[in-house]
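Each chain, written out:
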Amino acid sequence: MTRRIGILNYKGGTAKTTTVVNLGAALAMKNARVLGIDLDPQGSLATCLGVKYEYSLRDLLLGLVEPNQCIAQARKNVDIIASDSALLEAEGEMWRMNDVREARKLLDNKLKQLNERYDYVLIDFSPSVSILSESGLRYIREIIVPVSTSYLSMIGTRQVIETLKNVSRIPGHRVRLYLILPTLYSPNLKQDREILGILQRHFADLVADPIRANTKLVEAPSHRKTIFEYSPRSAASTEYKRLAERVLRDG
Ligand SMILES: Nc1ncnc2c1ncn2[C@@H]1O[C@H](COP(=O)(O)OP(=O)(O)O)[C@@H](O)[C@H]1O
Ligand SMILES: [Mg+2]
């Protein structure tokens, strides 16, 4: 069974793309077949991995190509469906569809042919609520929410906890909150430690081991590399591998 996992947080800069890239790469290193799909018109997934592509998700959604044509190989065992600002065009088209329910099912319908070709489909959500992200939510079955502990310390955890609880209550759909992934975690900061503690008290086993703040993760994309290619001995490399092991174990 293909596990369809959305990496989702309606806030930018919480390491969604970083997690799709490096969790995907780590799963692939364990011989899983991975497809990453970029649902963000900012389109950083292909850029981070240095992938050139002819057709993108826009073309698939507009019915111009078949899934096979817009899949680009990024690494051994890692394919992606890329996006860029042209995705907004497809989104406009989805808004214009007469039947909103059909629009919500669009991604699901388009990706049907790919069933069972991959062990994991990881969806990189955009931070905005849109018909496209609704369509993404219909497709996925599990959600990983990366939360930046340093950001939480600024806005307060209560609000985020409420939001996280709501994520698992999307009406009429069988999507489950699978993991909360603390990111940009600084264990030497008391505030970050406190926030991790609060998350663990509220969500217990749903909280994955944190990914610590690490400049290697910031540098790797500008070299078009995953953390395992750019800095295989970094703590971040170990931490993303550990995350992949948990995901494999829970499968
Ligand atoms: N653990 C980390 N430590 C330090 N910087 C990180 C970490 N994870 C991600 N970043 C950086 O934070 C920024 C936002 O990450 P990104 O994955 O693009 O977030 P999103 O996709 O949620 O907007 C990027 O510059 C990225 O390199
Ligand atoms: Mg992103």
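Data block above holds the structure.
Quick summary incoming for the structure in this document. Once a new chain begins, its residue numbering starts again from 1 and follows that chain's sequence as written. By the order in which they are written, chains take letters starting at A while ligands take numbers starting at 1. Where local features are concerned, this predicted model is filtered to residues with pLDDT of at least 70; where side-chain atom pairs are given and counted, the filter is 80 or more; whole-chain, interface and lining totals use all residues.

**What about the overall build of the protein?**
And then number 1: Check the secondary structure of the protein and you find 13 helices and seven strands.
And then number 2: As a reference, a globule follows 2.2 Å times the number of residues to the power 0.38, and the radius of gyration itself is taken over C-alpha atoms. By the compact-globule yardstick of 18 Å for 251 residues, the protein fits well, its C-alpha radius of gyration being 17 Å.
And then number 3: Structurally, the protein occupies a C-alpha span of about 50 × 40 × 30 Å along its principal axes.
And then number 4: The burial criterion counts other C-beta atoms lying within 10 Å of a residue's C-beta, which is placed from the backbone; the residue is buried at 20 or more, exposed at 12 or fewer, and partly exposed between these limits. Taken over 251 residues, the protein has a buried fraction of 46%.
And then number 5: When contacts within the protein are restricted to residue pairs at least 6 apart in sequence, those whose partners lie at least 24 apart make up 76%. Helix numbers and strand numbers start at the N terminus; a helix is a DSSP run of H or I with at least 4 residues, a strand a run of E with at least 2. Contacts here follow a simple rule: the backbone-placed C-beta atoms of the two residues must lie within 7 Å.

**Remarks on the sheet that holds strand β5 (residues 120-124)**
And then number 1: An order of β3-β4-β2-β5-β1-β6-β7 is seen for the seven strands of this open sheet, with the pairing classed as mixed. Here the strands that pair on one side only, and so sit at the sheet edges, are β3 (71-75) and β7 (176-183). Averaged over all adjacent pairs, the angle separating strand axes in this sheet is 25 degrees, with direction ignored.
And then number 2: Paired strands, as defined in this entry, are two strands with at least two bridges between them according to DSSP. The pairing of strand β2 (residues 34-38) with strand β4 (residues 78-81) spans four bridges and is parallel. Among the inter-strand pairings, G36 is bridged to a residue of β4, identified as I80. Lines fitted to the C-alpha atoms define the axes, with helices restricted to the stretch that makes contact. Angles between their N-to-C directions range from 0 to 180 degrees.

**Some thoughts on the site of ligand 1**
And then number 1: Whether a residue is near a molecule or strand depends on its C-beta atom, placed from the backbone, lying within 6 Å of it. Around ligand 1 sit 15 residues, and of these A15, K16, T17, T18 and V218 come closest.
And then number 2: Going through the elements one at a time, α1 (16-29) and α11 (215-219) are the ones with two or more residues in the shell around ligand 1.
And then number 3: Element by element, the count of residues in the shell around ligand 1 is highest for α1, at three residues.
And then number 4: Just so you know the grouping, Ala, Val, Leu, Ile, Met, Phe, Trp, Tyr, Cys and Pro go in nonpolar, Asp, Glu, Lys and Arg go in charged, and all remaining residues, Gly too, go in polar. When its residues are assigned to classes, the shell around ligand 1 shows six nonpolar, eight polar and one charged.

**Describing the pairing of β5**
And then number 1: Most of β5 is tucked away, with five of its five residues classed as buried.
And then number 2: Of the two faces of β5, both are covered, the one formed by Y120, L122 and D124 as well as the one formed by V121 and I123.
And then number 3: The pairing of β2 with β5 spans five bridges and is classified as parallel. Residue pairing across strands places L35 opposite V121, the latter belonging to β5.

**Observations concerning helix α13 (residues 235-250)**
And then number 1: Helices are assigned an expected span. That span is 1.5 Å times one less than the residue count. When the terminal C-alpha atoms of α13 are compared, their 23 Å separation across 16 residues agrees well with the 22 Å that a helix rising 1.5 Å per residue should span.
And then number 2: Those residues of α13 lying buried are A236, S237, E239, Y240, K241, L243, A244 and V247.
And then number 3: Of the surrounding secondary structure, the elements contacted by the buried residues of α13 are α1, β7, α11 and α12 (227-230).

**Things to note about the packing of helix α6 (residues 100-111) against helix α7 (residues 131-139)**
And then number 1: Viewed as axis vectors pointing N to C, α6 and α7 meet at an angle of 50 degrees, and their least axial separation amounts to 7 Å. What the angle tells us is that α6 and α7 run oblique. In the crossing of α6 with α7, the sense of the turn from one axis to the other is right-handed. Residue-level contacts link A103, R104, K105, L106, L107, D108 and L111 of α6 to I131, E134, S135, G136, R138 and Y139 of α7.
And then number 2: Across the contact of α6 with α7, the residue classes tally to six nonpolar, two polar and five charged. Throughout this description, any angle smaller than 35 degrees is read as roughly parallel, any larger than 145 degrees as roughly antiparallel, any in the 65 to 115 degree range as roughly perpendicular, and the remainder as oblique. Two helices cross in a left-handed way if the nearer one is turned anticlockwise from the farther one by less than a right angle. They cross in a right-handed way if the turn is clockwise.

**With respect to the pairing of β2**
And then number 1: Across the five residues of β2, five count as buried, placing the element largely inside the fold.
And then number 2: What you see with β2 is no split at all: V34, G36 and D38 on one side and L35 and I37 on the other are buried throughout.

**Observations regarding the environment of L107**
And then number 1: Structurally, the position occupied by L107 is in helix α6.
And then number 2: Its 25 C-beta neighbours within 10 Å are what place L107 among the buried residues.
And then number 3: Counting along the chain gives 33 residues from L107 to I140, while the straight-line C-alpha distance between them is 9.9 Å.
And then number 4: Excluding residues that lie within four positions of it along the chain, L107 makes contacts with S135, G136, R138 and Y139.

**A few points about the packing of α1 against α13**
And then number 1: Contact pair α1 / α13: the axes reach a minimum separation of 8 Å and the direction vectors enclose 65 degrees. One finds that α1 runs roughly perpendicular with respect to α13. For the pair α1 and α13, the crossing hand works out as right-handed. Taking contact as the criterion, the partners of N22, L23, A26 and L27 in α1 are, on α13, Y240, K241, L243, A244, V247 and L248.
And then number 2: The residue inventory of the contact of α1 with α13, partitioned by class, reads eight nonpolar, one polar and one charged.

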